[in-house]
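# Architecture and fold: a report
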Amino acid sequence: EKIMTIFEKIVAGEIPCNKVLENDKFLAFNDINPKAPIHILIIPKKHFENFQEMDGALMGEMTKFIQEVAVLMGVDKSGYRLVTNCGENGGQEVMHLHFHLLAGAKLGWVDAATDPQSTF
Ligand code: AMP
(Lines give C-alpha, C1' and ligand atoms only; values in the text may rest on other atoms or scores of the structure.)
Protein backbone atom coordinates (compact mmCIF):
# COMPACT_ATOMS: atom_id res chain seq x y z
CA GLU A 1 0.00 0.00 0.00
CA LYS A 2 1.29 3.41 -1.02
CA ILE A 3 2.21 5.77 1.80
CA MET A 4 0.26 9.04 1.53
CA THR A 5 1.82 12.42 2.11
CA ILE A 6 0.21 14.69 4.72
CA PHE A 7 -1.36 16.79 1.95
CA GLU A 8 -2.94 13.73 0.31
CA LYS A 9 -4.40 12.88 3.74
CA ILE A 10 -5.83 16.41 3.91
CA VAL A 11 -7.39 15.94 0.42
CA ALA A 12 -8.84 12.60 1.56
CA GLY A 13 -10.33 14.25 4.67
CA GLU A 14 -8.23 12.08 7.00
CA ILE A 15 -6.50 15.14 8.50
CA PRO A 16 -8.24 18.50 9.03
CA CYS A 17 -7.13 21.78 7.51
CA ASN A 18 -8.08 25.44 7.78
CA LYS A 19 -9.66 25.72 4.33
CA VAL A 20 -9.54 28.93 2.28
CA LEU A 21 -10.94 27.82 -1.11
CA GLU A 22 -11.74 24.53 -2.82
CA ASN A 23 -13.06 23.21 -6.12
CA ASP A 24 -13.10 19.76 -7.70
CA LYS A 25 -9.39 19.89 -8.65
CA PHE A 26 -7.62 22.18 -6.16
CA LEU A 27 -7.52 23.05 -2.47
CA ALA A 28 -6.16 26.11 -0.63
CA PHE A 29 -5.61 26.09 3.15
CA ASN A 30 -3.63 28.00 5.76
CA ASP A 31 -0.06 26.93 6.48
CA ILE A 32 0.23 25.53 10.01
CA ASN A 33 3.49 27.47 10.60
CA PRO A 34 2.92 30.84 8.87
CA LYS A 35 5.96 32.78 7.67
CA ALA A 36 3.94 35.91 6.75
CA PRO A 37 0.64 37.49 7.96
CA ILE A 38 -1.05 35.55 5.13
CA HIS A 39 0.50 32.15 4.32
CA ILE A 40 -1.67 29.85 2.25
CA LEU A 41 -0.76 26.52 0.67
CA ILE A 42 -2.36 25.73 -2.68
CA ILE A 43 -2.36 22.15 -3.96
CA PRO A 44 -3.78 20.04 -6.77
CA LYS A 45 -5.97 17.21 -5.43
CA LYS A 46 -4.30 14.82 -7.87
CA HIS A 47 -0.91 13.68 -6.66
CA PHE A 48 2.24 15.14 -8.21
CA GLU A 49 5.46 14.86 -6.23
CA ASN A 50 6.54 18.38 -7.12
CA PHE A 51 6.49 21.07 -9.82
CA GLN A 52 8.84 19.11 -12.06
CA GLU A 53 6.20 16.35 -12.33
CA MET A 54 3.23 18.72 -12.83
CA ASP A 55 0.99 18.54 -15.89
CA GLY A 56 1.08 21.72 -18.01
CA ALA A 57 -2.63 21.82 -18.84
CA LEU A 58 -3.64 21.31 -15.20
CA MET A 59 -1.12 24.02 -14.26
CA GLY A 60 -3.09 26.39 -16.49
CA GLU A 61 -6.24 25.67 -14.47
CA MET A 62 -4.26 25.95 -11.25
CA THR A 63 -3.07 29.42 -12.30
CA LYS A 64 -6.70 30.60 -12.36
CA PHE A 65 -7.38 28.99 -8.98
CA ILE A 66 -4.35 30.70 -7.42
CA GLN A 67 -5.49 34.04 -8.86
CA GLU A 68 -8.92 33.45 -7.28
CA VAL A 69 -7.27 32.83 -3.89
CA ALA A 70 -5.39 36.14 -4.23
CA VAL A 71 -8.65 37.98 -5.01
CA LEU A 72 -10.49 36.25 -2.16
CA MET A 73 -7.75 37.28 0.30
CA GLY A 74 -7.74 40.84 -1.07
CA VAL A 75 -4.08 40.77 -2.06
CA ASP A 76 -4.40 40.68 -5.86
CA LYS A 77 -3.68 44.43 -6.03
CA SER A 78 -1.36 44.88 -3.00
CA GLY A 79 0.75 41.90 -4.08
CA TYR A 80 2.05 38.60 -2.84
CA ARG A 81 4.82 36.07 -3.32
CA LEU A 82 4.18 32.66 -4.88
CA VAL A 83 6.79 29.99 -4.12
CA THR A 84 7.16 26.29 -4.81
CA ASN A 85 10.08 24.41 -3.31
CA CYS A 86 11.13 21.60 -5.65
CA GLY A 87 13.33 18.72 -4.55
CA GLU A 88 16.20 18.50 -2.11
CA ASN A 89 18.08 21.64 -3.08
CA GLY A 90 14.78 23.54 -3.24
CA GLY A 91 14.16 22.63 0.40
CA GLN A 92 10.96 20.68 -0.31
CA GLU A 93 9.68 18.89 2.82
CA VAL A 94 6.22 17.64 1.81
CA MET A 95 6.40 15.53 -1.36
CA HIS A 96 3.07 16.66 -2.85
CA LEU A 97 3.16 19.73 -5.12
CA HIS A 98 2.20 22.90 -3.28
CA PHE A 99 2.52 26.61 -3.85
CA HIS A 100 3.07 28.95 -0.90
CA LEU A 101 1.14 32.23 -1.27
CA LEU A 102 2.75 34.74 1.10
CA ALA A 103 1.26 38.18 1.63
CA GLY A 104 0.01 40.80 4.07
CA ALA A 105 3.30 42.65 4.53
CA LYS A 106 6.23 43.90 2.49
CA LEU A 107 8.27 40.71 2.26
CA GLY A 108 12.03 40.46 2.63
CA TRP A 109 14.25 38.84 0.03
CA VAL A 110 17.59 37.17 0.64
CA ASP A 111 20.59 36.91 -1.63
CA ALA A 112 21.85 33.32 -1.64
CA ALA A 113 25.43 34.62 -1.87
CA THR A 114 25.22 36.71 1.33
CA ASP A 115 22.61 34.85 3.41
CA PRO A 116 24.57 33.45 6.44
CA GLN A 117 22.27 30.37 6.38
CA SER A 118 23.34 29.58 2.85
CA THR A 119 26.35 27.42 2.07
CA PHE A 120 26.45 28.68 -1.51
P1 AMP B 1 7.87 22.82 1.89
O2 AMP B 1 9.18 23.04 2.60
O3 AMP B 1 7.70 23.73 0.72
O4 AMP B 1 7.62 21.38 1.56
O5 AMP B 1 6.77 23.33 2.92
C6 AMP B 1 5.89 22.49 3.60
C7 AMP B 1 4.93 23.42 4.34
O8 AMP B 1 3.85 22.67 4.81
C9 AMP B 1 5.55 24.15 5.55
O10 AMP B 1 5.40 25.55 5.39
C11 AMP B 1 4.72 23.61 6.74
O12 AMP B 1 4.51 24.59 7.72
C13 AMP B 1 3.43 23.19 6.06
N14 AMP B 1 2.66 22.14 6.73
C15 AMP B 1 3.10 20.93 7.13
N16 AMP B 1 2.10 20.21 7.64
C17 AMP B 1 0.98 20.98 7.55
C18 AMP B 1 -0.40 20.79 7.90
N19 AMP B 1 -0.84 19.66 8.47
N20 AMP B 1 -1.27 21.80 7.67
C21 AMP B 1 -0.84 22.94 7.10
N22 AMP B 1 0.43 23.18 6.73
C23 AMP B 1 1.33 22.22 6.96
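Let me begin by describing the structure that accompanies this report. (Residues numbered from 1 in each chain as written. Predicted model: local features only at pLDDT ≥ 70, side-chain atom pairs only at ≥ 80, totals over all residues. Heavy atoms only, no water.)

## With respect to the packing of aromatic side chains
Test applied: By convention, a stacked pair of Phe, Tyr or Trp rings (six-membered ring in the case of Trp) has centres within 6.5 Å and planes under 30 degrees apart, an edge-to-face pair has planes over 60 apart, and any other such pair is tilted. The numbering of helices and of strands both runs from the N terminus, where a helix is a DSSP run of H or I of at least 4 residues and a strand a run of E of at least 2. When a residue's accessible area, from a 1.4 Å probe over protein chains only, is under 20% of the maximum for its type it is buried; when over 50% it is exposed; and in between it is partly exposed.
Scanning the model with the defined rule gives three aromatic pairs in all. Between Phe7 and Phe29 the ring centres are 5.5 Å apart and the planes differ by 75°, which places this aromatic pair in the edge-to-face class. Of the two residues, Phe7 is situated in helix H1 (residues 6–11) and Phe29 in strand E2 (residues 26–30); the sequence distance between them amounts to 22 residues. Owing to a relative accessible area of 7%, Phe7 belongs among the buried residues under this scheme. Seen in terms of ring centroids, Phe51 and Phe99 are 6.1 Å apart; in terms of plane orientation they differ by 85°. Their pairing is edge-to-face. Of this pair, Phe51 sits in the loop between strand E3 (38–44) and helix H2 (56–72) while Phe99 sits in strand E5 (residues 99–103); the two residues are 48 residues apart in sequence, bridging distant segments of the chain.

## Structural notes on the pattern of salt bridges
Two side chains with opposite charge may pair up if their charged atoms get near one another. Keep this limit in mind: Counted as salt bridges are all cases of a side-chain nitrogen of Lys or Arg within 4 Å of a carboxyl oxygen of Asp or Glu.
Inspection of the entire model under this criterion finds five salt bridges. Among the ionic pairs, Glu22 bridges to Lys19, the shortest N-O distance being 2.5 Å. Linking Lys77 and Asp76 is a salt bridge whose minimum nitrogen-to-oxygen distance equals 3.3 Å. Residue Lys77 is classed as exposed on the basis of its relative accessible area of 76%.

## Considering the site of the ligand
Basically, it comes down to this: It suffices for a single heavy atom of a residue to lie within 4 Å of a molecule or strand for the residue to be listed as near it. Under this definition, polar contacts are N or O atom pairs within 3.5 Å; protein pairs additionally need one hydrogen-donor-capable and one acceptor-capable atom, and for neighbouring residues in sequence, both atoms have to be side-chain atoms. Per-residue and other accessible areas were derived by the Shrake-Rupley procedure at a 1.4 Å probe size, with only the shown protein chains allowed to occlude residues.
The ligand sits among 15 residues. The nearest are Asp31, Asn85, Glu93, His98 and His100. Between the ligand and His98, the relevant distance is 2.7 Å, taken from an oxygen atom to a side-chain nitrogen or oxygen of the residue. Contacts to the ligand include His100, whose side-chain N or O atom sits 2.8 Å from an oxygen atom. Coverage of the ligand by the protein chains reaches 86% of its 510 Å² of free accessible surface. At the level of elements, H1 and E2 are the ones that each hand at least two residues to the shell around the ligand.

## Here's the deal with the pairing of strand E1 (residues 19–22)
For the record, the criterion: Think of it this way: DSSP has to see at least two bridges between two strands before they count as a pair.
Bridge count for E1 against E2 is three bridges, and the pairing is antiparallel. Bridge pairing links Lys19 to Phe29 in E2. Hairpin connection, E1 to E2: the antiparallel pair is bridged by three residues.

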